[in-house]
Every structure is written in structure tokens, then in C-alpha cells.
Amino acid sequence: MVEHIRLGVNVDHVATLRNARGGIHPDPVEAARLAAKAGADGITAHLREDRRHIRDADMRALKDVGLPLNFEMAATDEMLAIASGILPHACCLVPEKRQELTTEGGLAVHAGMNHLRPYVSRLQDQGIRVSLFVDPDVKEVEAARMVGADIVELHAGPYTKATGADRQHELERIRKAAAAALRLGLECHAGHGLNFETVEAVAAIPNVVELNIGHFIIGEAIFQGLDPVIRQMRALMDAGRRSAR
Ligand code: PXP
């Protein structure tokens, strides 16, 4: 088991707030600098086709914050060209629908292998690690391996939304998909919808090595401040990890 589970802080919604008034405040790059001081291990940002939150200039500036940058993007030629100009540490390929409020489901990797394969290899040719955001489904993890991905990020959304026995069932799906990733030699991340209540159980899954968390951290920062929220998230992740030993 990797002892230290990495926390990637997603700063998209700092940009959402900034864009609501069309100015320069609050600045997602400043949030990323504060996240670095509070103990984040990486910064995640999603450059969407409609630029509803993060913009091209943000992504370029985030690269210089000094933490590994995880560039979330749709598998399109436009995004491939932008990522190739920025050369982030990693790219996480996500499905993107114009009308959705947020990423709604994992990539259809199994059904879309021919489309995805060239994006994976062209990013990797430039030294960028490639992650695929997938539902916690063993078949999709296997398909991610078949298209040559380095990493799978398991969609934690259904787990975070479920209650009672359904939540346990969804957690079990994440565990099984994470076990499949380990078996296939893929690095395993998880994210979407995680908060103080739901993070520990996912952090306790030994072969999940990174969690990417945004909306809750940024929202809770309004009440508590970014630094204490990131430190508390970090502490809960560490507690989850310790419980797995
Ligand atoms: N991982 C991926 C692939 C995502 O698309 C998102 C949302 O942008 C996250 C993690 C973070 O999700 P949340 O903002 O709900 O914490």
C-alpha cells in the first residue's frame, strides 16, 4: 500500500465565482498557491469547451504554481493542441456535454476505444501521463488498459450521492474497480463529489493513490477558509489510510 494518498485540489469553482462578475477576483491561480501551502499534492483544473470556469490563461498560469498539474479535458483536437502547448504533468480525459452542470458520468471507454486511443498516445508521446475518468466498472478499467492509459480515475459520484446500504454497494464497486486497476498495472485515482463525510472510506482503499476534490473544498472554504478546509481534508484522508493498515 502507498502510505501517502495524494490530494489534488480542483480550483474550477474559484473561476466560476470570478466569472460571475467578469473580473479577476477570486483568482484560481492564487487559490492553487494557497492549496500548495496547505498541503495539496497537486492541482486539477478542467478547461471546458465553453470556458465556463477555467480559461486558457488560467491553465497556463496553473502550470507554474509548482505542483503537478492535472489538466482535465475532453478528447478533442482543440484540447489536445492546448495541452501540447502547456505540457501538464497529467491529462485526465473526461466526457463533456455542453448542457451538463458538471461531468455526469465516466467516459465510455469500451465503446469509444478507437476515438480515445490516438489521444492517449499523442499525449504520452509528449511525456504527459494520461488518466481516463471512468465509472467504477471492471470492464471500463480493462478498456482503459487496452487503450494504453497510465491511470484510471474512478467516478466517486454515485457513491457520494447514495445513502445507507446503497452507499456500501457503490463503495464496493469502487473497491472492485480499484482492484482491477492494480491487477492490470494501472495507477488508480478517484474523485467527484467527495466531502468530509465521504472521503475517509475511499482513502481507505489501499491502491487508490490520489483523490481529486473541488466543489466541496471551494464551497466550504467560504465558511472556514481554504487553508483549514484543505488541512482537514488531508487529515481525514490520512485517517482513512491509517485505518486500512
Ligand atoms: N475528477 C474529475 C474527473 C472531475 O471531472 C471532477 C469535477 O470537475 C472532479 C474530480 C472533482 O469533483 P468535485 O468538484 O465534485 O469534487
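These numbers come from a predicted model, not from an experiment.

Q: Which residues make up the overall build of the protein, and what values go with them?
A: Assigned secondary structure in the protein consists of eleven helices and eight strands. For a compact globule of 245 residues, the expected C-alpha radius of gyration is about 18 Å, and the protein comes in at 17 Å, within 12% of that figure. With the C-alpha coordinates of the protein rotated into their principal frame, the extents come out at 45 × 40 × 30 Å. Sequence-distant contacts in the protein: of pairs separated by 6 or more residues, those separated by 24 or more amount to 67%.

Q: Tell me what's going on with the pattern of salt bridges, and back it up with residues and numbers.
A: The full count for this structure, using the stated rule, is 14 salt bridges. A salt bridge links D50 to R52, with the shortest nitrogen-to-oxygen separation between them at 3.1 Å. Given the relative accessible area of 37%, D50 is considered partly exposed. Between E197 and R167 there is a salt bridge whose closest N-O contact spans 3.1 Å. Taken together, the residues span a long stretch of sequence, with E197 in the loop between β7 (187-191) and α9 (199-203) and R167 in helix α8 (residues 164-184) at a distance of 30 residues. When salt bridges with common partners are traced through the structure, they connect R6, R129, E187 and E210 into a single cluster.

Q: Quick one: what's the story with the site of the ligand, residue by residue and with numbers?
A: Taken together, 13 residues sit near the ligand, with E72, E153, G193, G214 and H215 positioned nearest. Within the backbone of H215, a nitrogen or oxygen atom sits 2.8 Å from an oxygen atom of the ligand. Expressed as a share of its isolated accessible area of 390 Å², the protein-covered part of the ligand is 95%. When the residues that make up the shell around the ligand are grouped by side-chain class, the tally is three nonpolar, seven polar and three charged.

Q: Outline the pairing of strand β1 (residues 6-10), supporting the account with residue identities and numerical values.
A: The buried fraction of β1 is high, at four of five residues. In this structure, β1 lies alongside strand β8 (residues 208-213), joined through four bridges in parallel fashion. Opposite L7, over in β8, you have L211 as the bridge partner.

Q: Account for the environment of I43, with residues named and values stated.
A: Tracing the backbone through its elements, the reader meets I43 in strand β2 (residues 42-46). Judged by relative accessible area, I43 falls into the buried class, the value being 1%. In this structure the C-alpha to C-alpha distance between I43 and E197, which are 154 residues apart in sequence, comes to 22 Å. Not counting the four nearest positions on each side in its chain, I43 is found in contact with V9, V11, A32, A35, L62, L67, P68, L69 and N70.

Q: How would you explain helix α11 (residues 226-243) if you had to name every residue and give the values?
A: Between the first and last C-alpha of α11 there are 26 Å, a value that for 18 residues agrees with the 26 Å anticipated at 1.5 Å per step. Taken residue by residue, α11 has L226, V229, I230, M233, R234, L236, M237, G240 and R241 as its buried positions. On an axial view of α11, the arc spanned by its buried residues comes to 160°, and they lie on one face. Each element contacted by the buried residues of α11 is listed here: β1, α2 (28-38), α9, β8 and α10 (215-224).

Q: Break down the side chain of E140 for me, with residues and values.
A: With respect to the helices and strands, E140 occurs in helix α6 (residues 138-146). With no salt bridge to any partner, buried E140 finds its closest opposite charge in K139, at an N-O distance of 8.1 Å. In this structure the side chain of E140 is engaged in a polar contact, spanning 2.8 Å, whose partner is the backbone nitrogen of H110. Sequence-distant contacts of E140, that is, excluding residues within four places in its chain, are made with L107, A108, V109, H110, V134 and D135.

Q: Help me get a handle on the packing of aromatic side chains, residues and values and all.
A: One pass over the full model with this rule turns up one aromatic pair. Here the aromatic rings of F196 and F216 are separated by 4.8 Å at their centres, their planes lie at 70°, and the arrangement is edge-to-face. Placement of F196 in the loop between β7 and α9 and of F216 in helix α10 is noted, with a sequence separation of 20 residues between them. For F196, a relative accessible area of 17% translates into the label buried. With relative accessibility at 23%, the residue F216 sits in the partly exposed group. Here the basic side chain of R167 rests over the ring of Y159, its NZ or CZ set 5.7 Å away from the ring centre.

Basis of the calculations
Residues numbered from 1 in each chain as written. Predicted model: local features only at pLDDT ≥ 70, side-chain atom pairs only at ≥ 80, totals over all residues. Heavy atoms only, no water. Helix = DSSP H or I, 4+ residues; strand = E, 2+ residues; numbered from the N terminus. Rg over C-alpha atoms; globule rule 2.2 N^0.38 Å. Contact = heavy atoms within 4.5 Å. Salt bridge = Lys/Arg side-chain N within 4 Å of Asp/Glu carboxyl O. Buried < 20%, exposed > 50% of the residue type's maximum accessible area, 1.4 Å probe, protein only. Near = heavy atom within 4 Å. Polar contact = N/O pair within 3.5 Å; in protein donor to acceptor, adjacent residues only side chain to side chain. Areas by Shrake-Rupley, 256 points an atom, 1.4 Å probe, with all protein chains shown as cover. Nonpolar A, V, L, I, M, F, W, Y, C, P; charged D, E, K, R; others polar. Pairing = 2+ DSSP bridges. Expected span 1.5 Å × (residues − 1). Arc of directions from axis to C-beta. Lys, Arg positive; Asp, Glu negative; His and termini not counted. Phe/Tyr/Trp six-rings, centres within 6.5 Å; stacked < 30°, edge-to-face > 60°. Lys NZ or Arg CZ within 6 Å of the ring centre and 35° of its normal.

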